[in-house]
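# Fold and geometry: a report
The lines below spell out each chain.
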Amino acid sequence: MTKTGNIVILTGAGISAESGLSTFRDENGLWAQHRIEEVATPEAFARNPARVHRFYNARRKQALHAMPNAAHHALTELQQKWPYDLLLVTQNVDDLHEKSGSRAVHMHGALMRALCAACAHRWDSPADLSVEDTCPACGAHTARPDIVWFGEMPYHMQDILSALQNCDLFAAIGTSGQVYPAAGFVQEALSAGAATVELNLKDSDMSYAFQDQITGPASETVPQWVGRLLSQA
Ligand code: BV8
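This text gives an overview of the structure that appears in the document. Within every chain, residues take consecutive numbers counted from 1 along the sequence as written. Since the coordinates come from a predicted model, pLDDT governs what is reported: local features require at least 70, and pairs of side-chain atoms require 80 or more to be given and counted, while whole-chain, interface and lining totals use all residues. In computing side-chain properties, one takes all heavy atoms of the structure into account and sets aside hydrogens as well as water.

On to the packing of aromatic side chains, then. Each aromatic pair joins two rings of Phe, Tyr and Trp (for Trp, the six-membered one) with centres within 6.5 Å, and gets the label stacked for planes under 30 degrees apart, edge-to-face for over 60, and tilted for any other angle. On inspection of all chains with the given rule, the structure shows eight aromatic pairs. Here Phe 24 and Trp 31 contribute two aromatic rings whose centre-to-centre distance is 5.0 Å and whose plane-to-plane angle is 40°, an arrangement assigned as tilted. Arranged with centres 5.9 Å apart and planes meeting at 25°, the rings of Trp 31 and Phe 55 form a pair that is stacked. In this pair, Trp 31 is assigned in helix H2 (residues 30-33) and Phe 55 in helix H5 (residues 49-65), connecting sequence segments 24 residues apart. Burial status follows relative accessibility: with a 1.4 Å probe on protein chains alone, a residue under 20% of its type maximum counts as buried, one over 50% as exposed, and anything between as partly exposed. On the accessibility criterion, Phe 55 (5% relative accessible area) is buried. Per the convention used, a helix needs a DSSP run of H or I reaching at least four residues, while a strand needs a run of E reaching at least two, with both numbered from the N terminus.

Here is the structure:
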């Protein structure tokens with residue numbers, strides 16, 4: 001484990017699980033209740049925007065009332081106290097990192113933001129978003145959630161890749177390692193010579209690529225891991 005240096009952290013749905021937000025691929029997760037092809041692709045939105053809005057409106061409502069847990073708070077403390085570069089990248093579209101005071105790069109977008117499919121203007125989403133909503137910039141009725149769907153390019157990839165090429169430690173927290181390009185970040189970090197650690201309840205699809213594994217619920221493992229890091233900073 002590196003003693004000093006730049007850190008990149010990638011979080012997934014598992015860090016929000018203990019805050020009551022469903023993950024995707026755990027038992028009765030979101031993808032057990034909904035088909036990706038019907039709610040999380042541009043084609044799904046073109047075919048039936050109301051159904052896609054219903055899916056995200058329900059998740060936005062849940063996320064509005066969710067509170068960050070000890071894992072989110074520990075990452076905020078690390079971000080505040082770590083003396084070197086630290087980039088917190090999240091695949092999550094909830095705002096629990098922000099609610100706990102962290103700055104996070106949302107590579108898959110954000111539930112609380114709306115995007116105009118016509119002019120790409122972004123604005124704070126109302127609790128319920130629909131195609132009736134007009135874009136504040138161009139007036140078109142093409143409001144969609146500001147979410148990166150399957151087949152769409154994730155956001156901030158340049159910044160993320162350059163941080164991975166310059167990091168000494170890469171940590172993945174609460175992600176199944178099944179969605180690319182995020183699942184490939186550990187390989188980028190390894191080729192940069194970084195140490196790699198995975199914090200998860202159980203093995204993920206990328207566990208083989210990590211040098212270290214810390215198993216347990218994020219609300220317990222992340223504060224302990226942050227404490228050890230800060231004691232060595
Ligand atoms: C793209 C927004 C191309 C929606 C999401 C190779 C390279 C590149 C692409 C591909 C490729 N192979 C296949 C692809 C296509 C595709 C893909 O990866 N498909 C997979 C399914 C095979 N990728 C894409 O389409 C990406 N785009 O490639 O664009 C392109 C190129 C040029 C120009 C234009 C386009 C876009 C992917 C983004 C899709 N959007 N989210 C939404 O949120 O509704 S992905 C979705 O999965 C979520 O964002 C989620 O975050 C993400 C990953 O899931 P996880 O976060 O890992 O959640 P999961 O439930 O799976 O796992 C939870 C984990 O937590 C488990 O491990 C569990 O054990 C753990 N856990 C549970 N509880 C706890 C816990 N851990 C700790 N404590 C606990 N308490």
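Here the narrative resumes, following the displayed structure.
Close contacts around the ligand come from 35 residues, with Phe 24, Arg 25, Arg 59, Thr 175 and Ser 176 the closest. In the environment of the ligand, an oxygen atom lies 2.7 Å from a nitrogen or oxygen atom belonging to the side chain of Thr 175. Exposure was quantified through the Shrake-Rupley algorithm and a 1.4 Å probe, taking into account, for residues, occlusion by the shown protein chains and nothing else. Protein chains shield 77% of the accessible area of the ligand, which is 1,500 Å² for the free molecule. At the level of elements, helix H1 (14-17) and H5 are the ones that each hand at least two residues to the shell around the ligand. Three classes are used, and their members are as follows: Ala, Val, Leu, Ile, Met, Phe, Trp, Tyr, Cys and Pro are nonpolar, Asp, Glu, Lys and Arg are charged, and the others, Gly among them, are polar. The residue makeup of the shell around the ligand, split by class, is 16 nonpolar, 13 polar and six charged. We define proximity as follows: a residue is near a molecule or strand when any one of its heavy atoms falls within 4 Å of that partner. Here a polar contact is recorded for every N or O atom pair within 3.5 Å, except that within protein the pair must consist of a potential hydrogen donor and a potential acceptor, and residues adjacent in sequence are included only if both atoms are side-chain atoms.

This part covers unusual backbone geometry. The omega torsion of the bond from Tyr 180 to Pro 181 falls at 5°, within 30 degrees of zero and hence cis. One can find Pro 181 in the loop between strand S7 (169-173) and helix H9 (185-191). Despite not being glycine, Asn 28 has its phi angle at roughly 40°, a positive value. With respect to the element layout, Asn 28 can be found in the loop between H1 and H2. For Asn 28, a relative accessible area of 60% corresponds to the exposed category. Backbone geometry at His 156 places phi at a positive 60°, although glycine is not the residue there. Residue position: His 156 is located in the loop between strand S6 (143-147) and helix H8 (157-165).

Now for the pattern of salt bridges. Salt bridge, as applied in this entry: a Lys or Arg side-chain nitrogen positioned within 4 Å of an Asp or Glu carboxyl oxygen. Within this structure, the stated rule accounts for 10 salt bridges. One salt bridge in this structure joins Arg 35 and Glu 38, with 3.5 Å as the shortest N-O distance. A relative accessible area of 48% places Arg 35 in the partly exposed class. Close ionic contact of Asp 124 with Arg 113 constitutes a salt bridge, the shortest N to O distance being 2.8 Å. Residue Asp 124 is located in strand S5 (residues 122-124), and its partner Arg 113 is located in strand S4 (residues 109-116); the two are separated by 11 residues in the primary sequence. Because the salt bridges share partners, they merge into one network encompassing Arg 35, Glu 37, Glu 38 and Arg 51.

Think of each axis as a best-fit line through the C-alpha atoms, taken over the contacting stretch in the case of a helix, with angles from 0 to 180 degrees between the N-to-C directions. One can describe the packing of helix H6 (residues 70-81) onto helix H10 (residues 218-232) by two numbers: an axis separation of 7 Å at closest approach and a directional angle of 20°. In terms of orientation, H6 and H10 fall into the roughly parallel class. In terms of crossing hand, the pair formed by H6 and H10 is left-handed. Listed contacts from H10 to Ala 70, Ala 71, Ala 74, Leu 75, Glu 77, Leu 78 and Lys 81 of H6 are Ala 218, Ser 219, Val 222, Pro 223, Trp 225, Val 226, Leu 229 and Leu 230. Among the residues forming the contact of H6 with H10, the class breakdown is 12 nonpolar, one polar and two charged. Just so you know how the angles are binned, under 35 degrees is roughly parallel, over 145 roughly antiparallel, 65 to 115 roughly perpendicular, and the rest oblique. Two helices crossing with the near one rotated counterclockwise from the far one by less than a right angle form a left-handed crossing, whereas a clockwise rotation gives a right-handed crossing. Contact between two residues is taken to exist if any of their heavy atoms lie within 4.5 Å; hydrogens are not considered.

Right, let's talk about the sheet that holds S6 for a bit. Paired through their backbone hydrogen bonds, the strands of a sheet run either parallel or antiparallel. Here three strands make up an open sheet; going across it, the order is S5-S4-S6 and the pairing antiparallel. Pairing within the sheet leaves two strands with one partner each, and these edge strands are S5 and S6. The average undirected angle you get between the axes of adjacent strands in this sheet is 45°. What makes two strands pair is DSSP finding at least two bridges between them. Pairing analysis gives three bridges linking S4 to S5, with the strands arranged antiparallel. Paired with Leu 115 across the two strands is Arg 122, which belongs to S5. H5 rests against S4 and S6 of the sheet, and its axis sits at about 135° to S4.

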